[in-house]
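What follows is the residue order along each chain.
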Amino acid sequence: MAILNVEGVTHWSIPVNNLAEAEEFYGELLGLTPVGRLGNNVMSCFNVGDHNILLCESPSAGEERGKDDSGAHHSFTVSPETFELACKVFHQRNIRIEHLTYRARGVFTGRELYFYDPSGNRLELRDPTWVEGMPEPPYEELTGA
């Protein structure tokens with residue numbers, strides 16, 4: 001039995017090296033809805049679905065991100081069309097890709113593309129419509145390269 005009863009998530013925070021660069025990446029490239037900067041001007045809020053994402057400028061922390069092998073990451077659900085478009089756009093923009101996975105079993109099934117934002121945070125785009133038995137083209141094929 002839980003001691004406390006948390007009612008929901010207010011926001012998730014993502015540390016970033018450069019707030020303006022992160023706002024462009026998350027807003028213009030990934031399509032999250034900008035809500036606005038907080039009063040201290042080193043944090044910017046974005047919304048996606050029922051979730052708020054708070055980008056927190058922290059230039060000194062950037063050295064270690066992107067080297068973490070714990071599996072920690074932030075995942076965004078996308079349609080099959082957006083997933084395939086993202087592969088092409090990420091390839092064109094030289095966005096660092098970690099790997100593409102086709103997950104047939106587990107809690108979160110579907111095809112998953114792991115990549116990094118400009119600050120080295122590991123992110124994931126997940127297409128939950130992919131199921132076992134569907135084609136599993138490699139990343140290079142999805143990019144059209």
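Cut-off values and rules
- Residues numbered from 1 in each chain as written.
- Predicted model: local features only at pLDDT ≥ 70, side-chain atom pairs only at ≥ 80, totals over all residues.
- Heavy atoms only, no water.
- Helix = DSSP H or I, 4+ residues; strand = E, 2+ residues; numbered from the N terminus.
- Rg over C-alpha atoms; globule rule 2.2 N^0.38 Å.
- Buried < 20%, exposed > 50% of the residue type's maximum accessible area, 1.4 Å probe, protein only.
- Contact = heavy atoms within 4.5 Å.
- Areas by Shrake-Rupley, 256 points an atom, 1.4 Å probe, with all protein chains shown as cover.
- Lys, Arg positive; Asp, Glu negative; His and termini not counted.
- Charge placed at Lys NZ, Arg CZ, Asp CG, Glu CD.
- Polar contact = N/O pair within 3.5 Å; in protein donor to acceptor, adjacent residues only side chain to side chain.
- Core = buried A, V, L, I, M, F, W, Y, C linked by side-chain atoms within 4.5 Å.
- Pairing = 2+ DSSP bridges.
- Axes fitted to C-alpha atoms, helices over the stretch in contact; angles between N-to-C directions.
- Salt bridge = Lys/Arg side-chain N within 4 Å of Asp/Glu carboxyl O.

### Quick look at the overall build of the protein
A count of helical and extended segments in the protein gives 3 helices and 8 strands. Its C-alpha atoms give the protein a radius of gyration of 16 Å, within 12% of the compact-globule value 15 Å for 145 residues. If you line up the protein on its principal axes, its C-alpha atoms span 50 × 45 × 30 Å. In the protein, which comprises 145 residues, the proportion classed as buried is 36%. In the protein, the proportion of contacts linking residues at least 24 apart, taken out of those at least 6 apart, comes to 57%. When the accessible area of the protein is evaluated, it comes to approximately 8900 Å², of which 52% is carbon and sulfur surface. Taking the average place of the 11 positive charges on the side chains of the protein and the average place of its 22 negative ones, the gap between the two points comes to 2 Å.

### Here we look at the side chain of Arg-111
In this structure, Arg-111 sits in strand S7 (residues 110-116). A polar contact of 2.7 Å, which involves the side chain of Arg-111, links it to the side chain of Asp-127. Those residues in contact with Arg-111, other than ones at most four positions away along the chain, are Pro-80, Phe-83, Glu-84, Thr-101, Tyr-102, Leu-125, Arg-126, Asp-127, Trp-130 and Leu-142.

### Describing the nonpolar core
Among the nonpolar cores identified, the biggest contains 26 residues, and Tyr-26, Leu-55, Phe-83, Phe-90 and Leu-125 are the most heavily contacted of them. Only strand S1 (12-16), helix H1 (19-29), strand S4 (51-57), helix H2 (80-92), strand S6 (97-103), S7, strand S8 (122-127) and helix H3 (139-143) provide two or more residues apiece to this core. Those residues in contact with Leu-125 that sit more than four places away from it in its chain are Phe-76, Val-78, Phe-83, Ala-86, Phe-90, Arg-111, Glu-112, Leu-113 and Phe-115.

### Focus on the sheet that holds S8
Strand order across the open sheet formed by 4 strands is S5-S8-S7-S6, with mixed pairing between neighbours. Single-partner strands in this sheet number two, and they are strand S5 (74-77) and S6. Going from strand to strand, the sheet's axes swing by 20° on average, the running direction of each strand aside. As judged from the 4 bridges shared by S5 and S8, these two strands associate in the parallel manner. Within the sheet, the bridge partner assigned to Thr-77 lies in S8 and is Arg-126. Seen against the sheet, H2 touches S6, S7 and S8 and runs at an angle of roughly 30° to S7.

### A short note on the pattern of salt bridges
Working definition: two side chains of opposite charge can pair if their charged atoms are close together. Taken as a whole and assessed by the stated rule, the structure comprises 6 salt bridges. Note that Glu-84 is salt-bridged to Arg-111, the shortest N-O span being 3.0 Å. Here the residue Glu-84 occupies a position in helix H2, and Arg-111 occupies one in strand S7, the gap between them amounting to 27 residues. Residue class for Glu-84 comes out partly exposed when judged on its relative accessible area of 32%. Looking at Arg-111, the relative accessible area reads 6%, which means it is buried. Here Glu-132 ties to Arg-105 by a salt bridge, and the two come within 3.3 Å at their closest N and O atoms. Of this pair, Glu-132 sits in the loop between S8 and H3 while Arg-105 sits in the loop between S6 and S7; the two residues are 27 residues apart in sequence, bridging distant segments of the chain. Residue class for Arg-105 comes out exposed when judged on its relative accessible area of 58%. Members of the salt-bridge network, linked through shared partners, are Glu-84, Arg-111 and Asp-127.

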